[in-house]
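Listed below are the residues making up each chain.
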Amino acid sequence: MAEIRLKHITKRFDSGKNVLANLNLDVLDGEFLVLVGPSGCGKSTTLRIIAGLEEATGGDVFIDNKRVNNIAPKDRDIAMVFQNYALYPHMTVFDNMAFGLKLRKYSKKDIRKRVSEAADILEITDLLNRKPKQLSGGQRQRVALGRAIVRKPKVFLFDEPLSNLDAKLRVQMRAEIKKLHKQLKTTMIYVTHDQVEAMTMGNRIAVMKDGAIHQLDTPMNIYNEPADLFVASFIGNPAMNFITTVLTEDNLLCSENTGIKIPLPKVFKPALANQTGKTIILGIRPQDLSTRQGYDEKYQFDASVELIEPLGNETILYLSKGHQSISCVSEHYYPGDAESDQITLSINPEKIHLFDGSTSKRILPGN
């Protein structure tokens, strides 16, 4: 196992574009860390710099307190799993898994033992004599994992390994990789643009945008206490609703765009004392809007139903209020002919998020 530290990492391509800007990151020994963010945010570049496949323009990479900037990828004791599997089509599963060990001059006995152990863990023992073309996508990904496992590296790096699988297989392989981490207890860094993968797999998540980490925390802390508007919008499905409001003298949050007026929750009053006229972004997750009038009527408003998506155990409602689009997750079933109906929504005042309109930072309650 190994700790990984990135100190002041920058990456600039020949075009002059900065991909990473003064990135600092500590990955704990035995941790499963997920790097998540939109395409082009720098997450795969970060992974490749750790692996030594990409050279940083500036800064230092440490593995087990050893600076590895000038150490070749093969000598960093790291195994990387890619999204395209990168299997040799002419080799059997056994030979694909054993190939790296043969290059490192392991004995035949050691190779058989390691491949057998990895195959048992991944439940692919009966596939060892097949060629990659005879395997499904999920089986190929298991072989790619097995090829990494046999080396028993200090660190596993995953670069969007499930993006080529169908939805059902992705769910299955998410669970398999998480189970693998519990068995091996090895440091793992996992790159994805899928926030569901990030939430379900990581001990901690680093949310990235434009080459910078906006928040590094546990999945539930990021969901419940997003650091800024970007994190709040990226984590959660459907995405959080954002309504631009202005704080009035009588502590109301008023939205000119929608006509919504709600009281400023008491927990935010210390942080917003004497800030009348301040622009505040009201954030509320679709799951925290209710079609039942269970909250104080001061936190209720009417909206028009635009679209209904029944999912069986819940219904997603897409609504409009003035020029504002709003989504709501309801446990009630709404028939298709309810579209264009007016319904009353209630905001759970305990679940309100507020963001500074000028900085986009989350306003902390109680400060």
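Please refer to the structure placed before this passage.
Residues numbered from 1 in each chain as written. Predicted model: local features only at pLDDT ≥ 70, side-chain atom pairs only at ≥ 80, totals over all residues. Heavy atoms only, no water.

Caption draft 1: Fine view of the packing of aromatic side chains. This model, assessed by the stated rule, comprises 6 aromatic pairs. The interplanar angle of 70 degrees and the centroid separation of 6.0 Å between the aromatic rings of Phe242 and Phe355 together place this pair among those described as edge-to-face. Taken together, the residues span a long stretch of sequence, with Phe242 in strand S11 (residues 241-247) and Phe355 in strand S20 (residues 353-356) at a distance of 113 residues. One aromatic cluster in this structure is built from Phe32, Phe156, Phe158 and Tyr190. We note Arg5 situated over the ring of Phe62; from NZ or CZ to the ring centre the distance is 4.6 Å. For Arg285, the ring lying beneath its charged end belongs to Tyr223, and the centroid distance is 4.0 Å. (Phe/Tyr/Trp six-rings, centres within 6.5 Å; stacked < 30°, edge-to-face > 60°. Helix = DSSP H or I, 4+ residues; strand = E, 2+ residues; numbered from the N terminus. Lys NZ or Arg CZ within 6 Å of the ring centre and 35° of its normal.)

Caption draft 2: Here's a closer look at the pattern of salt bridges. Overall, the coordinates contain 12 salt bridges when judged by the stated rule. In this structure, Lys102 and Asp95 form a salt bridge, with 3.3 Å as the shortest nitrogen-oxygen distance. Put simply, Lys11, Arg48 and Glu54 are held in one network by salt bridges that share partners. (Salt bridge = Lys/Arg side-chain N within 4 Å of Asp/Glu carboxyl O.)

Caption draft 3: Spotlight on the pairing of strand S1 (residues 4-12). Where S1 meets strand S4 (residues 58-63), 5 bridges bridge the pair, whose relative direction is antiparallel. Within the sheet, the bridge partner assigned to Thr10 lies in S4 and is Gly58. In terms of strand pairing, S1 meets strand S2 (residues 18-27) through 6 bridges, oriented antiparallel. Of the residues in S2, the one forming a bridge with Lys11 is Leu20. The turn joining S1 and S2, which pair antiparallel and follow one another in sequence, is formed by 5 residues; a positive phi near 95 degrees is taken by Gly16. (Pairing = 2+ DSSP bridges.)

Caption draft 4: Looking closely at the side chain of Ser255. One can find Ser255 in the loop between strand S12 (252-254) and strand S13 (261-263). Note on Ser255: relative accessible area 5%, which makes it buried. For Ser255, the side chain forms a polar contact with the side chain of Thr258, separated by 2.8 Å. Not counting residues within four places of it along the chain, the set of residues in contact with Ser255 comprises Ile243, Thr244, Thr245 and Ile260. (Buried < 20%, exposed > 50% of the residue type's maximum accessible area, 1.4 Å probe, protein only. Polar contact = N/O pair within 3.5 Å; in protein donor to acceptor, adjacent residues only side chain to side chain. Contact = heavy atoms within 4.5 Å.)

Caption draft 5: Quick look at the sheet that holds S1. Pairing in this open sheet of 4 strands is antiparallel, and the strands run S2-S1-S4-S5 from one edge to the other. At either end of the open sheet lies a strand with only one pairing partner, and these are S2 and strand S5 (66-67). Docked against the sheet, helix H1 (residues 43-51) engages S1, S2 and S4, running at close to 120 degrees with respect to S1. (Axes fitted to C-alpha atoms, helices over the stretch in contact; angles between N-to-C directions.)

Caption draft 6: Expanded view of the packing of helix H2 (residues 93-103) against helix H3 (residues 108-122). One can describe the packing of H2 onto H3 by two numbers: an axis separation of 10 Å at closest approach and a directional angle of 130 degrees. In terms of orientation, H2 and H3 fall into the oblique class. Here H2 and H3 pass one another in a crossing that is right-handed. Facing H2, whose interface residues are Phe94, Met97, Ala98, Leu101 and Lys102, H3 presents Ile111, Arg112, Arg114, Val115, Ala118 and Ala119. (Parallel < 35°, antiparallel > 145°, perpendicular 65-115°, else oblique. Left-handed = near helix turned anticlockwise from the far one by under 90°.)

Caption draft 7: The arrangement of the environment of Val68 in detail. Examined against the element boundaries, Val68 turns out to sit in the loop between S5 and strand S6 (78-81). It is 9.6 Å that separates the C-alpha atoms of Val68 and Ala51, two residues lying 17 residues apart in sequence. Apart from the residues lying within four places of it in its own chain, the contact partners of Val68 are Val61, Ile63 and Arg76.

Caption draft 8: The sheet that holds S11, seen in detail. Spatial ordering of the open sheet is given by S13-S12-S11-S14-S20, a layout of 5 strands whose pairing is antiparallel. Each end of this open sheet is capped by a strand with a single partner; those strands are S13 and S20. Mean inter-strand twist for the sheet, computed between neighbouring axes without regard to direction, equals 40 degrees. Two strands pair when backbone bridges link them, and S11 and S12 are joined in this way by 2 bridges, in the antiparallel orientation. Bridged to Val246 within S12 is Cys254.

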